[in-house]
Amino acid sequence: MGLVVMNVRFPHFYLGLMFASLVAGSGTLPLAAAERVVLTYSVLRESVSIEELGELSRTGKVSPSLKAYLKMANKDPEELRGWLNQPFQADPVTLSRVLNSFAGEYVLNQVGQVIHTPSKRDNKEALRGAIITSAEKDNQVRLIEVLENYPTPELHVNGDRLMELYQQVEGLTALLGRLPF
């Protein structure tokens, strides 16, 4: 299906954003966003609502179930809050170009080992869409936004590898400024 714009002038930036959104979502818009995250730390595994994680990221308030889980996992809620809120500067159009490149595919494969669909099918597309959508509003990507924008009802996060993910994304954002896009 093509996009038809008749007698309307859009600034290139907005046209680029619309294009990036369509490319990222493979031409389809997500019907539903993620509702639950299955967090794993070591041998522990717990299903947590996106709403609970959003509340933690916004206010620092930890739900009783999340608090119990983090205590069993020996994880500090403030550390998780920091990971959820760590901003990475990223222009959505440039981000789309990078994530649709060979190097971007590699990064998505790496990130997909930490954040993925339950079946791991169509994971790169889901991640790409969630990441770009997160950058569209304010040219920043935060983990909580990626989780909130993930286009499947459930996603899995390997908590043990979140720090590794942080370092990979930090490296990607440093690279973005040097790429000729």
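On a predicted model such as this, the values are computed, not experimentally measured, just so you know. Starting afresh in each chain, residues are numbered from 1 along the sequence in its written order. Local features are withheld for residues below a pLDDT of 70 in this predicted model, meaning they are given only at 70 or higher, and side-chain atom pairs are given and counted only at 80 or more; totals for whole chains, interfaces and linings count all residues. As a rule here, side-chain values cover all heavy atoms of the structure and leave hydrogens and water aside.

### A word on the confidence of the model for the chain
No. 1: Averaged over the chain, the pLDDT score is 77; the fraction of residues at 70 or greater is 74%.
No. 2: One confidence number per residue, pLDDT, is output by the predictor and ranges from 0 to 100. In this text, helices come from DSSP runs of H or I with a minimum length of four residues, and strands from runs of E with a minimum of two, each type numbered from the N-terminal end. At the level of individual helices and strands, the chain shows its lowest average pLDDT in helix α1 (residues 12-24), which scores 33, and its highest in helix α2 (residues 50-59), which scores 95.
No. 3: Whether two residues touch is decided by their heavy atoms; if any such pair falls within 4.5 Å, the residues are in contact. Considering only residues more than four positions removed or in separate chains, one finds that residues 1-31, a stretch of pLDDT under 50, has 20 contacts.

### Things to note about the packing of aromatic side chains
No. 1: Note on aromatic pairs: the rings of Phe, Tyr and Trp (six-membered ring only in Trp) are paired at centre separations within 6.5 Å, and the planes decide the class, stacked below 30 degrees, edge-to-face beyond 60, tilted for the rest. As enumerated under the stated definition, the model contains 1 aromatic pair in all.
No. 2: The interplanar angle of 40° and the centroid separation of 6.1 Å between the aromatic rings of Tyr41 and Tyr69 together place this pair among those described as tilted. Of the two residues, Tyr41 is situated in strand β1 (residues 36-41) and Tyr69 in helix α3 (residues 64-72); the sequence distance between them amounts to 28 residues. You'll find Tyr41 and Tyr69 in the same group, each marked buried. Categorising residues by exposure relies on relative accessible area from a 1.4 Å probe, with only protein chains included: less than 20% of the type maximum marks a residue as buried, more than 50% marks it as exposed, and the intermediate range marks it as partly exposed.

### A closer look at the pattern of salt bridges
No. 1: A carboxyl oxygen of Asp or Glu within 4 Å of a side-chain nitrogen of Lys or Arg is what we treat as a salt bridge. Across all of its chains, the model carries 5 salt bridges by this definition.
No. 2: Notably, a salt bridge pairs Glu105 with Arg128, separated by 2.3 Å at the nearest N-O pair. In this pair, Glu105 sits in helix α6 (residues 102-111) while Arg128 sits in helix α7 (residues 123-136), placing the two residues 23 residues apart along the sequence.
No. 3: For Glu105, a relative accessible area of 23% puts it in the partly exposed group.
No. 4: Among the residues examined, Arg128 registers a relative accessible area of 5% and is labelled buried.
No. 5: Linked by salt bridges that have partners in common, Glu105, Lys124 and Arg128 make up one network.

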